Amino acid sequence: MDRPLLNHRLAAFGTTIFAEMSALAQRTGSINLGQGFPDTDGPEEVREAAVRALRDGRGNQYPPGPGVPELRAAVAAHQQRFYGHLGLSYDPDTEVLVTAGATEAIAASLLALLEPGDEVIALEPYYDSYAACIAMAGGRRVPVTLRPSAETGTYHLDLDELRDAITDDTRLILLNTPHNPTGTVLSRDELAAVAALAVERDLLVITDEVYEHLVFEGEHLPLASFPGMRERTVTIGSAGKTFSFTGWKVGWVTAAPALITAVRSAKQFLTYVSAGPFQYAVAEALALPDSYFTGLRDDLRAKRDILAAGLADAGFGVYRPAGTYFITTDIRPLGAELSHEGDGFAFCRSLPERAGVVAIPNAVFYDHQDQGAPFVRFAFCKSVSVLEEAAGRLKRL
Ligand SMILES: *Cc1c(COP(=O)(O)O)cnc(C)c1O
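These numbers were taken from a predicted model, which means no experiment stands behind them.

What follows deals with the overall build of the chain. A count of helices and strands for the chain gives 16 helices and 15 strands. A globule of 397 residues ought to have a C-alpha radius of gyration of about 21 Å, and the chain, at 21 Å, matches this closely. In terms of principal-axis extent, the alpha carbons of the chain reach across some 60 × 55 × 50 Å. Accessible surface computed for the chain: about 16,200 Å², of which carbon and sulfur atoms make up 51%.

If you walk through the whole model with that rule in mind, you get 18 aromatic pairs. Taken together, a centroid distance of 5.2 Å and an interplanar angle of 50° make the contact between tyrosine 155 and tyrosine 319 tilted. Of this pair, tyrosine 155 sits in strand β6 (residues 154-156) while tyrosine 319 sits in strand β11 (residues 317-319), and the two are 164 residues apart along the sequence. Taken as a pair, tyrosine 155 and tyrosine 319 share a single burial class, namely buried. Look at phenylalanine 245 and tryptophan 248: their rings are 4.0 Å apart centre to centre, the planes differ by 10°, and that puts the pair in the stacked class. Accessibility expressed as a relative area gives 13% for tryptophan 248, which makes it buried.

Spatial ordering of the open sheet is given by β11-β12-β15-β14, a layout of four strands whose pairing is antiparallel. Either end of the sheet is taken by a strand with one partner, and the two such strands are β11 and β14 (360-361). With three bridges connecting them, β11 and strand β12 (residues 326-330) associate as antiparallel partners. Within β12, the position partnered with glycine 317 by the bridge is aspartate 330. Lying over the sheet, helix α12 (residues 290-314) contacts β11, β12 and β15 (375-379), oriented at roughly 15° with respect to β12.

Around the ligand sit Gly101, Ala102, Thr103, Tyr127, Asn176, Asn180, Asp208, Val210, Tyr211, Ser238, Lys241 and Lys249, and those are all the residues in its vicinity. At 2.6 Å from a nitrogen atom of the ligand is found a side-chain nitrogen or oxygen belonging to aspartate 208. One nitrogen or oxygen atom from the side chain of lysine 249 is found 2.7 Å from an oxygen atom belonging to the ligand. Burial of the ligand by the protein amounts to 94% of the accessible area it has alone, namely 390 Å². With respect to the detected pockets, the ligand is housed in the largest pocket. Per-element tally for the shell around the ligand: the top contributor is helix α5 (residues 101-113), with three residues. Considering only residue class, the shell around the ligand consists of four nonpolar, five polar and three charged.

Here the focus is the layout of surface pockets. A probe matching the size of a water molecule, rolled over the atoms, marks out where space remains unfilled. Of the volumes computed, that of the largest pocket is approximately 1,200 Å³. Only α2 (17-28), α5, α6 (128-136) and α9 (239-243) provide two or more residues apiece to the lining of the largest pocket. Here the element with the most residues in the lining of the largest pocket is α6; it accounts for six residues. The residue makeup of the lining of the largest pocket, split by class, is 22 nonpolar, 14 polar and eight charged. The volume enclosed by the second largest pocket comes to roughly 350 Å³. If you list the elements that add at least two residues to the lining of the second largest pocket, you get α4 (69-83) and α12.

According to UniProt, the "domain: Aminotransferase class I/classII large" (unreviewed entry) feature falls on residues 31-394. In this annotation, residues 31-394 is assigned 42% helix and 17% strand; the end-to-end C-alpha distance for the span is 11 Å.

Rules used throughout
- Each chain carries its own residue numbering, running from 1 in the direction its sequence is written.
- Confidence filtering applies because this is a predicted model: local features only for residues at pLDDT of at least 70, side-chain atom pairs given and counted only at 80 or more, and all residues used for totals across whole chains, interfaces and linings.
- As a rule here, side-chain values come from all non-hydrogen atoms in the structure, and water together with hydrogens is ignored.
- For helices the rule is a DSSP run of H or I covering at least 4 residues; for strands it is a run of E covering at least 2, with both sets numbered from the N terminus onward.
- In this treatment the radius of gyration is a C-alpha quantity, and the globule benchmark scales as 2.2 Å times the residue count to the 0.38 power.
- A 1.4 Å probe and the Shrake-Rupley method give the accessible areas. Residues count as covered only by the protein chains that appear here.
- Pairing of aromatic rings covers Phe, Tyr and Trp, the last through its six-membered ring, and needs centres within 6.5 Å; plane angles under 30 degrees mean stacked, over 60 mean edge-to-face, and all others mean tilted.
- Each residue gets one of three labels from its accessible area relative to the maximum for its type: buried under 20%, exposed over 50%, partly exposed in between, using a 1.4 Å probe on protein chains only.
- Following DSSP output, two strands are said to pair if at least two bridges run between them.
- Contact definition: two residues touch when any of their heavy atoms are within 4.5 Å.
- Every axis corresponds to a line fitted to the C-alpha atoms, with the helix fit spanning only the stretch in contact, and the corresponding angles, defined between N-to-C directions, vary from 0 to 180 degrees.
- A molecule or strand has a residue near it when one of that residue's heavy atoms lies within 4 Å.
- In protein, a polar contact requires one atom able to donate a hydrogen and another able to accept it; more generally it is a pair of N or O atoms within 3.5 Å, and residues adjacent in sequence count only if both atoms are side-chain atoms.
- Residues are said to line a cavity or pocket when one of their atoms sits within 4 Å of a point; the points come from a 1 Å grid over protein atoms alone, cavities being sets where a 1.4 Å probe fits but cannot get out and pockets being open sets with protein on both sides within 12 Å along at least five of seven lines.
- Placement in a cavity or pocket follows one criterion, namely that more than half of the molecule's atoms lie within 2 Å of its grid points.
- For this classification, Asp, Glu, Lys and Arg are treated as charged, while Ala, Val, Leu, Ile, Met, Phe, Trp, Tyr, Cys and Pro are nonpolar and the rest, including Gly, are polar.
- Grid points are joined across faces, edges and corners, and a volume is the space filled by probe spheres set on the points.
- UniProt positions are given in the numbering used here, feature names are shortened, and annotations may be inferred rather than shown by experiment.

Below, the structure written as structure tokens:
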């Protein structure tokens, strides 16, 4: 048994930081602003819809492989409602695939579309499953780093850097907008430039748009709506973030038929199907009136503002997110001793003792860890009272 048990593709990844930090929160009785899940559940009528589906025997046995027809129709209707004016719509039978959350959609897309050795460009810092899934698919990740600007308190995509990262081995770009963890919402110009590069170099794009309804400034534009993109773009959505049911794990892919067929080929051997009764409930959720979606956004924007003000008050450099659940902060303004001289890991390990709050060091989302070292991420998808308490505690710093 000289050989390590864990294969070399996964050996680099270890256990996620979220496990360590959540355990630390528990042990110290800290407020956990590490992991991004809401502390209140989504709409009561959607929960009731799930109960009804369970009681009526809908979805208690294997649902159809592509997802229940009601949910596929609801996803197509949702895309038409929110993006039809951009010329984007999908056929519920051939262009929609239901998955076990966005996580499975990402994994299945990469496993389906990559050959070993293919290069995948992803915006760094990135969501933690990207690197592992690219590795499991035998791909090579090529990070393009989003650059922070302390003056504007925002992050930017350097389009020259993106262009230079593309080689003859590049198969696809894995995009995420609104972007976790930086809260960046890519602009129309940035997306148009990404689209033009993808067309010019004949690349596929997987675009993770799970925060599509959590945009506080500007607007969310699906990359698939740009010229030449519909045929080469796999778009991923999820009920977890849009309806505050992260435990249900209902996600979906919208794409042209050939891409859906490819992604389904991988998905069928991962989970095959999942979340039967919840699929019916999410179908009803997607049909909620526009006021639900704007209400969710306005609620989260107010929460962003509470936590951002508290963090600024406590002395952090605050990167104000245009979208998502997260605020990135720079710990350097807190002073060398307090901030462990820009070491986000050490800072996050000591923060529970010092202030009773848990956060995540952004370095875990980077290949170039030095680029993320002084940055720390806080989640604001929590009740107002929790955020106010956290802000009060952080003031002690
Ligand atoms: C939360 C999250 C996911 C995972 O979504 P699930 O539907 O819970 O699997 C994927 N991508 C990003 C960027 C996320 O923040």
